[in-house]
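Structure at a glance
Next come the chains, spelled out residue by residue.
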Amino acid sequence: MLPNQLTADSFAGYPPEAKELATRQIALLQRLPLAFVPLLLRELIVYDWKFPAERIDLDRQFTYLAQPAVLSAAMAPFAQLKLARELEQTDWVNAPAVFSEQLSAHLWATHQIDTFRAAAVDYVQKATASAQEPPLPTHRLGIAVIGQGVARNDYRLFRKLRPHGVYYTRVRHNGAGPQALLDAVAARAKTHPAPYAHWYIDGAAGLAAPEGLTRISYAALAQPRATLQSRMQKTYEASVFDPEAFRTMLAQMKPEEVGLGSGGDRLLNRFQLSLLTEGSGTQVFATTFVQWAAREALRRAQPLTMLTRFTPRQRDRQMNELLAEAQHKPEFDPPGSLIDSDMGAYYTWLNQQRLPGDDKAAFLVWFEDHDEAVAIAPSLERGKRSDAPAELADLIARIA
């Protein structure tokens, strides 16, 4: 099947909103080359479970391609690629992700991958620049809390973040630091309400989140993680381990298969499942889960506010022991987790700075229940050290 043979019935198996959008854009889809259209369908088929920011991006691409001159120029490099006939016989409409993998292998084997990559990069850059980003209602704010459970530390924290802001050595918090930070996030959510614009991600059970916040907790996903761990363990212990089949199994898993399908936010359920099936180590390490969840939320939802709280992960052991977490009480490693989360906080800041509005964004990282923190904001000096007493609540108020 070729793109010009597409009909409305071709999308009968798509979710409702994706089906409606594909049918509405069918005239455009019919004009796209086979080397490109499944890549667009890969995003379109999951339209029902995309965050508002992702929907805006996909809609922007359709608007960009609707211009005849743009369509011809942007698609020319893709149309010139020589594809194997077997790719035409692939069910690229209903399984665009599978087609993408087969296309990648073909392009590598035929030495066309560089041409494809150059065309793809050029397309993304021009499509992104084709519409002006709407102004943000307020600047972005990221907060990372690290080091829970660490009584004493000799590790030099925040070495990657100190050059970008002020390093505070005498932060006072009165034993209520996490709640004060959550209150600041809740205040922003109340002032600037929007779906999936304000997030709270916790590596443990976490604090009670007020209305208006999107909350994800590693502990709250204990049962889905246990179900997934059990399936992973059986796969690893099979007489023949097929990595490709294992990857396909994870990609095709549905939220209800791990206990995420009963009520709640369907979009968020899909997102949480993707964290467990696409992330490496998110099923067994709390620190990895928080870092990956923050990365994906920033990349996909592009929130205005994000609070991440890193908590101790279990000690590294053999894979079969890690996957048996539900049967054996894990041994935690607070000092090692502190080092992990210190780097995790840095990565979270980097991912925040990749979003529009990075020149006005602010970030705070705090060593929980201790007196060290780094604050980054346009109004603060870079690479400065402050040994003066500072209230945590005042720090967050200055940059929020």
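The preceding data block contains the structure.
Read on for a plain summary of the structure.

About the criteria used
Residues numbered from 1 in each chain as written. Predicted model: local features only at pLDDT ≥ 70, side-chain atom pairs only at ≥ 80, totals over all residues. Heavy atoms only, no water. Helix = DSSP H or I, 4+ residues; strand = E, 2+ residues; numbered from the N terminus. Rg over C-alpha atoms; globule rule 2.2 N^0.38 Å. Buried < 20%, exposed > 50% of the residue type's maximum accessible area, 1.4 Å probe, protein only. Contact = heavy atoms within 4.5 Å. Areas by Shrake-Rupley, 256 points an atom, 1.4 Å probe, with all protein chains shown as cover. Lys, Arg positive; Asp, Glu negative; His and termini not counted. Charge placed at Lys NZ, Arg CZ, Asp CG, Glu CD. Pairing = 2+ DSSP bridges. Axes fitted to C-alpha atoms, helices over the stretch in contact; angles between N-to-C directions. Phe/Tyr/Trp six-rings, centres within 6.5 Å; stacked < 30°, edge-to-face > 60°.

**What about the overall build of the chain?**
What the chain contains, in helices and strands, is 16 helices and 10 strands. A compact globule built from 400 residues would reach a C-alpha radius of gyration of about 21 Å, and the chain, at 23 Å, matches this within 12%. Its C-alpha atoms put the chain at 70 × 55 × 40 Å along the principal axes. Counting only residues that meet the buried cut, the chain has 49% of its 400 residues in that class. When contacts within the chain are restricted to residue pairs at least 6 apart in sequence, long-range pairs at least 24 apart make up 72% of them. Accessible surface, the chain: about 19400 Å² in total, of which carbon and sulfur atoms supply 52%. Taken as two groups, the 43 positive and 44 negative side-chain charges of the chain have centres that lie 3 Å from each other.

**Some remarks on the sheet that holds strand 4 (residues 198–202)**
Paired through their backbone hydrogen bonds, the strands of a sheet run either parallel or antiparallel. Taken in spatial order, the eight strands of this open sheet run 5-4-6-1-7-8-2-9, and their pairing is mixed. Two strands close off the open sheet at either side, each with one partner strand: strand 5 (214–217) and strand 9 (384–386). The average undirected angle you get between the axes of adjacent strands in this sheet is 10 degrees. Along the sheet, helix 9 (residues 177–191) contacts strand 1 (141–146), strand 4, strand 6 (305–309) and strand 7 (362–367); its crossing angle with strand 6, the most-contacted strand, is approximately 160 degrees.

**Remarks on the pairing of strand 1**
Where burial is concerned, most of strand 1 is hidden: six out of the six residues are buried. The two faces of strand 1 match: Leu 141, Ile 143 and Val 145 on one face and Gly 142, Ala 144 and Ile 146 on the other face are all buried. Two elements, strand 1 and strand 6, share five bridges in a ladder whose sense is parallel. From the neighbouring strand, Val 145 faces strand 6, where its bridge partner is Arg 309. As judged from the six bridges shared by strand 1 and strand 7, these two strands associate in the parallel manner. Bridged to Leu 141 within strand 7 is Ala 362.

**Topic: the packing of aromatic side chains**
Taken as a whole, this structure holds 12 aromatic pairs when the rule is applied. Ring geometry for Phe 11 versus Tyr 14: centroids 5.2 Å apart, planes at 80 degrees, classification edge-to-face. Each member of the pair, Phe 11 as well as Tyr 14, is classed as buried. Judged by centre distance (5.7 Å) and plane angle (75 degrees), the ring pair of Phe 51 and Trp 199 falls under edge-to-face. Of the two residues, Phe 51 sits in the loop between helix 3 (37–44) and helix 4 (52–65) while Trp 199 sits in strand 4, which places them 148 residues apart along the sequence.

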